[in-house]
Amino acid sequence: MVFKNNSLNLFFAFLGGLFLLFLVAPLLNLMLAASPAKLFETASDPVVSKSIGLSLMMAAVATFFSAMLAVPFAWLMARSKFRLKHLVSGLIDLPMMIPHSAAGIALLGVVNRESAFGKLASGFGIDFIDQPAGIAVAMAFVSVPYLFNASYNAFANVPLRTEHAALNLGASPAKVFFKISLPLAWKGVLNGLIMMFARGMSEFGAVIIIAYNPFTTPVLIFDRFNAFGLKNAQGISALFILISLVVFIGLRLITKPSEDVRN
Amino acid sequence: MLEIKKLQKSFSGFNFGPVNLTIDHGSHYILLGPSGSGKSLLLELIAGFQKASAGEIYLNGSNLLQLAPHKRGIAMVFQRPALFQHLSVAQNIAFPMRAANIRESEIRKTTLELAERFSIESLLKRRPASLSGGEAQRVSLARALAMKPSMILLDEPLSSLDVQLRTQIRRYLISLNKDGLTMLHVTHDYEEALRLSSQVGIIQNGTIIQSGKPEVVFRNPATAFVAELAGIRNYFKVRLENLPGQSNKIAVINGIAIKLYTDSLSAEGFILINEDQIILSTELYQSSAQNNFTGKIVTYTKKPVGNEVEIDVGIRIFAHISDESLSRMAIKTGMQVAVTFKLAAVRFLDL
């Protein structure tokens, strides 16, 4: 049934307009405040370009290593039935739910130089505090649930029958995963990778606790704002939003959101 | 030869087995049962998608339960073909050969041969999503054969197809079986069992309650359940002959000619005669019915409704009559009766 121009629809459309305005107005204001010349000038600032490079690089590192752990586990979870499955799912969602600064504090407790893990990593020459590795760990911690959930849904959408057919045709379980399950779930997994990357590169709360320096762009925006005020932080914010937009549009072009079949 | 010994699988609320079953090399064994009877589960146990709780399965002497599912060498064809949507038809057919690390030149040759056999040459570059149901099922048969299986498991491969396509796929199954491929085929469709099986089994609540040659199982159902599932008992494998100048045809069995009407172009098949449409009388009389025979009553059995009377008119025919007719005609074993039925009581199933 199609309702046209009834008063309820008009009212809801008005509410929707306000809602969209709320989302778009601050961003639009920011973009208008930053002229192309200013954007170019900001991009040429070596501190800014270095921070952008670091943010993108560490988000990529975090996404890559997380994928190694989370994607196969998402497949295993999608194919398993056990009593505490909902509990495990809830645990994986936890980093999305808690304040990211609190997540950073929690992480700091584990990776600081005095902790057992910190000492062990130090033994291998890996330090986290105020180091790129710490940035990557903080980004991964708060953004990996996006990758896990998208991958889980994608694998759950691959019919079990299809995997059975591949096994039956003589493919080993590893071949079935790499030749059948992963390619069939690839769109969803890719969606998760891009979401995790986008979320990771924008992370502020957890990153600033583990590594104030070297600056990632979100931390640099905060630093510039603190030290020089709104005007100074606007250019770099606008530039970073533009980069985020490119990533986001890329995501939307490549994939469609997959349905949540977890429950 | 496939030998299943005391195979069991327990779930909460459903116990499968113990199942004992032997399928001879080259036979087309049809396991007939309603949904939920455990027939698909049996295939999954054989293929290794489910773990058996107890029992043994031997294929040509090797214990299948000790082999991983991908090493069992048994192909399975599903009701809805589980084609790999991200691969082309040719890549689907090549999949089992690539899994077995066969040389690419050999893979190309076999793919083309199979494509020709199943008339899917023109589809090789297409994606499965663009195929019709019949095309997809042909691809899935070709893909199953590409692994050169020791036997093939068929899980209702015809039931999601319309009537015309069923005939086509059925012919492929018959020709594969003629080439010596052993088949275990599960279905709920009695007519499929009639048309295709060389051996038939009936499964109910996870247990095979009767097994043997179709004519034995269907004509002598061991339980009421088998009788109900087996449907019509008057069925005969026939060759049709045309009657000159008439649209009717005749089916000759043991020198007995049964007239029927069919528009099927096929000469070989089965005829089914509905027990309820057969009239018994003490002597032959003139009527519009074109099938009239005389014979002796072999047995008669009380049924939940009415009675089943077996008459030997040169072939054994079963008729269903009421208690009242039984007593009015004073039906006795050995009694001479006339058997009458119309053309319309005879249905032809082509192969």
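Residues numbered from 1 in each chain as written. Chains lettered and ligands numbered in written order. Predicted model: local features only at pLDDT ≥ 70, side-chain atom pairs only at ≥ 80, totals over all residues.

Novice: I'm lost on the nonpolar core in this one. Help?
Specialist: As a rule of thumb, soluble globular proteins bury nonpolar side chains together. Counting residues in hydrophobic clusters, the biggest one holds 160 residues, and the most contacted among them are Ala-138, Met-139 and Ile-210 of chain A together with Ala-142 and Ile-271 of chain B. Two domains each donate at least three residues to this core, and these are domain 1 (2–232) and domain 2 (235–350) of chain B. For Met-139 of chain A, the residues in contact, after removing those within four places along its chain, are Met-58, Ala-59, Ala-62, Gly-200, Glu-203 and Val-207 of chain A. (Core = buried A, V, L, I, M, F, W, Y, C linked by C-beta atoms within 7 Å. Buried ≥ 20, exposed ≤ 12 C-beta atoms within 10 Å, placed from the backbone. Domains from an automatic or database assignment. Contact = placed C-beta atoms within 7 Å.)

Novice: Please clarify how the interface of chain A and chain B should be interpreted in this entry.
Specialist: Quoted interface sizes are often the accessible area lost when the parts come together. Contact with chain A, which involves 15 residues of that partner, is made by 17 residues of chain B. Listing elements by their share of the side of chain A that touches chain B, those giving two or more residues are helix H8 (160–168) and helix H9 (173–201) of chain A. In terms of residue count, the dominant contributor to the side of chain A that touches chain B is H8 of chain A (six residues). Its residues assigned to classes, the side of chain A that touches chain B comprises eight nonpolar, five polar and two charged. (Helix = DSSP H or I, 4+ residues; strand = E, 2+ residues; numbered from the N terminus. Nonpolar A, V, L, I, M, F, W, Y, C, P; charged D, E, K, R; others polar.)

Novice: Before we go on, may I ask you to explain helix H4 (residues 133–146) of chain B in this structure?
Specialist: Given 3.6 residues to a turn, an α-helix orients residues that are three or four positions apart in the same direction. Residues and elements named next belong to chain B. Here H4 is 14 residues long and its end C-alpha atoms lie 20 Å apart, about the 20 Å a rise of 1.5 Å per residue gives. All of the buried residues along H4 are Glu-135, Ala-136, Gln-137, Arg-138, Val-139, Ser-140, Leu-141, Ala-142, Arg-143, Ala-144, Leu-145 and Ala-146. Following H4 by one or two positions, Lys-148 has its phi on the positive side, about 45°. (Expected span 1.5 Å × (residues − 1).)

Novice: Even after reading the chapter, I still don't get the pairing of strand S17 (residues 307–312) of chain B, so can you show me in this structure?
Specialist: Remark: a regular strand shows side chains that alternate across the two faces of the sheet. Residues and elements named next belong to chain B. Across six bridges, strand S16 (residues 291–302) lies against S17 in antiparallel orientation. Note that in S17 the partner of Tyr-300 across the bridge is Val-309. Between S16 and S17, which pair antiparallel in sequence order, lie four residues; one of them, Gly-306, sits at a positive phi of approximately 75°. With six bridges joining them, S17 and strand S18 (residues 316–321) adopt antiparallel strand pairing. Looking at S18, one finds that Val-309 is bridged to Ala-319. Remark: three residues form the turn of the hairpin made by S17 and S18, two consecutive strands paired antiparallel; Gly-314 in that turn has positive phi of roughly 110°. (Pairing = 2+ DSSP bridges.)

Novice: Just to check I follow, could you spell out the domain arrangement of chain B for this structure?
Specialist: Residue and element names in this part refer to chain B. Segmenting chain B into domains produces domain 1 (2–232) and domain 2 (235–350). Just the C-alpha atoms count here: the centres of domain 1 and domain 2 sit 35 Å apart. Listed by partner, the interface residues are six residues for domain 1 and seven residues for domain 2. The element best represented in the side of domain 1 that touches domain 2 is helix H6 (residues 190–196), accounting for three residues. The class makeup of the residues in the side of domain 1 that touches domain 2 is three nonpolar, one polar and two charged.

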